[in-house]
Amino acid sequence: MQFDAADLSELIVLCRVEIERHCEHLGRLDSAIGDGDHGANMRRGLEAVYRERDAISALPLPAALERIGLVLVMSIGGAAGPLYGTLLMELGRGMSAGEDDEADFAAILARAIAAVARRGRSGPGDKTLLDVLYPVQAEVAGHAAPARIAECARAAAQATEMMLARRGRASYLGARSVGHEDPGASSCALLTMTICHYLKEHAPS
Amino acid sequence: MTPARSANVGIVIVSHSPLVAQGAADMVRQMVGDCVPLAWTGGNVEGGLGTHVAGILAAIEAAWSEAGVAIFVDLGGAETNSEAAVEMLGPARAAKAAICNAPLVEGAVVAAAEASGGSPLARVVATAEELSA
């Protein structure tokens, strides 16, 4: 699909609403294994992007993504800020450097996720948002439909419940971190699903 | 800032708690007076527990020295946000900003003592990190 300024602006609104709606839930997930501020932090981040949405949407998509990343880094606060920020900034940088077709997007996404992994010094199975990003990228690379990618994101977040946290504050809990869904994975799935549902509704028939 | 002060490596303290950060800074001051550039940041943008990149950047600027700055952090987000802040300094200055793998209070005090003698950044960092070895 052709993704224009109106799409980006509407997606920003939808992501903000979705995080707002799940803010308490994310906070509860984080209270179980962390410091309990993930919902509030994400809400602050999305609010900051929302306030700048007109200026952001006026930019070419790669520059807009980079700008969103920077706003998230500066506003989210907790460890999630630099992680989401890195993802968006690297996506933007990758898109401004490369071609704009689908195969390239999967490769750009893979590189952006690798940058997130470096920033968090984490890998697969560490019970982080990466455990959603890796399978989502695999679906994108396999040209899956948006609905399928959304399902994959939710299932991937749920699968973090049985993982043992190896990064972040949850790792201090050791085995007690098992049995709780990771809040970062959960917010990542919510945002992925919001984007996918929008793409599904607005894809050319 | 006097030339003598800016010649020494600066110390930056980053905690989720402003009280912890300020308390650690007080202990550093007691140890070395004002012969080492020192700044602290603590709390999120709303004043609650947490850390944020803008606050860390401001602290780095406040404690900046051409000899470099050693940064001390407490938990996860403080480290990740400090890394993001250092990256935003640009490559030339980022090379002079080291995030230390050391306990916040003890590390900052030991590093400041080392810095007050005019040691280079690498030496200041190594001395602090010996605490974790």
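Residues numbered from 1 in each chain as written. Chains lettered and ligands numbered in written order. Predicted model: local features only at pLDDT ≥ 70, side-chain atom pairs only at ≥ 80, totals over all residues.

Undergrad: Whenever I open this one, the sheet that holds strand S2 (residues 38-42) of chain B confuses me. Can you help?
TA: Backbone hydrogen bonds hold the strands of a sheet together, and the pairing may be parallel or antiparallel. Residues and elements named next belong to chain B. Reading across the sheet, the four strands line up as S2-S1-S3-S4 and stay open at both edges, with parallel pairing between neighbours. Of all the strands in the sheet, just S2 and strand S4 (97-99) have a single pairing partner and so form its edges. This sheet shows a mean twist of 20 degrees between the axes of neighbouring strands, independent of strand direction. For strand S1 (residues 10-15) and strand S3 (residues 69-73), the ladder comprises five bridges, and the chain directions are parallel. Bridging across to S3, Val12 finds its partner in Ile71. Each of S1, S2, S3 and S4 touches helix H3 (residues 53-62); the most contacted strand, S2, lies at about 170 degrees to it. Those strands touched by helix H6 (residues 104-116) are S1, S2 and S3, and its axis lies near 175 degrees from that of S1. (Pairing = 2+ DSSP bridges. Helix = DSSP H or I, 4+ residues; strand = E, 2+ residues; numbered from the N terminus. Axes fitted to C-alpha atoms, helices over the stretch in contact; angles between N-to-C directions. Contact = placed C-beta atoms within 7 Å.)

Undergrad: Just checking my understanding: could you explain the interface of chain B and chain A for this structure?
TA: How big an interface is tends to be stated in terms of the accessible area lost upon association of its parts. Contacts between the two partners involve 14 residues from chain B, matched on the other side by 13 residues from chain A. At six residues, helix H4 (residues 76-88) of chain B tops the list of elements feeding residues into the side of chain B that touches chain A. Tallied by class, the residues present in the side of chain B that touches chain A amount to five nonpolar, eight polar and one charged. (Nonpolar A, V, L, I, M, F, W, Y, C, P; charged D, E, K, R; others polar.)

Undergrad: Just checking my understanding: could you explain helix H2 (residues 18-32) of chain B for this structure?
TA: In an α-helix there are 3.6 residues to a turn, and that puts residues three or four apart on one side. Residues and elements named next belong to chain B. Given a rise of 1.5 Å per residue, 15 residues ought to cover 21 Å, and the 21 Å separating the end C-alpha atoms of H2 matches this to within 8%. Regarding H2, the residues found buried are Ala21, Ala24, Ala25, Val28 and Val32. Projected down its long axis, H2 shows its buried positions confined to an angular sector of 100 degrees, all on one face. Residues of H2 that are exposed and point more than 90 degrees away from the buried face comprise Leu19, Asp26 and Gln30. Residues of H2 that are buried make contact with S1, S2 and H6. (Expected span 1.5 Å × (residues − 1). Buried ≥ 20, exposed ≤ 12 C-beta atoms within 10 Å, placed from the backbone. Arc of directions from axis to C-beta.)

Undergrad: Would you mind going over the pairing of S3(B) with me for this structure?
TA: Burial analysis of S3(B) places five of its five residues in the buried class, which makes it a mostly covered element. Both faces of S3(B) are covered, namely the face carrying B:Val69, B:Ile71 and B:Val73 and the face carrying B:Ala70 and B:Phe72.

Undergrad: How should the packing of helix H5 (residues 61-76) of chain A against helix H6 (residues 80-97) of chain A be read in this particular structure?
TA: A pair of packed helices is characterised by two quantities: the angle between their axes and the separation of those axes. All names here are of chain A. Relative to each other, H5 and H6 sit at 165 degrees, their axes nearing to 7 Å. As the angle between them shows, H5 and H6 are arranged roughly antiparallel. Read as a crossing pair, H5 and H6 show a hand that is left-handed. Each residue belonging to the contact of H5 with H6 can be placed in one class, and the counts come to 17 nonpolar, six polar and two charged. (Parallel < 35°, antiparallel > 145°, perpendicular 65-115°, else oblique. Left-handed = near helix turned anticlockwise from the far one by under 90°.)

Undergrad: It is not clear to me how the environment of B:Ile60 should be interpreted in this structure. Could you clarify?
TA: Residues and elements named next belong to chain B. For Ile60, the position within the fold is in helix H3. C-beta crowding within 10 Å serves as the criterion here: with 23 such atoms nearby, Ile60 is assigned to the buried category. In the structure, Ile60 is positioned 49 residues away from Ile11 in sequence and 8.3 Å away in space, judged by C-alpha atoms. Beyond its immediate chain neighbours, meaning those up to four positions away, Ile60 contacts Val12, Val69, Ala85, Leu89 and Ala97.

Undergrad: For this particular structure, what's the right way to read the confidence of the model for chain B?
TA: Note: predicted coordinates in regions of low pLDDT should not be interpreted at a detailed level. Residue and element names in this part refer to chain B. Averaged over all residues, the pLDDT of chain B is 93; the fraction at 70 or higher stands at 95%. Ignoring residues within four places in sequence, the model shows residues 1-5, a span with pLDDT below 50, making five contacts including any to other chains. Complex prediction metrics read pTM 0.89 and ipTM 0.81. (pLDDT = per-residue confidence, 0-100.)

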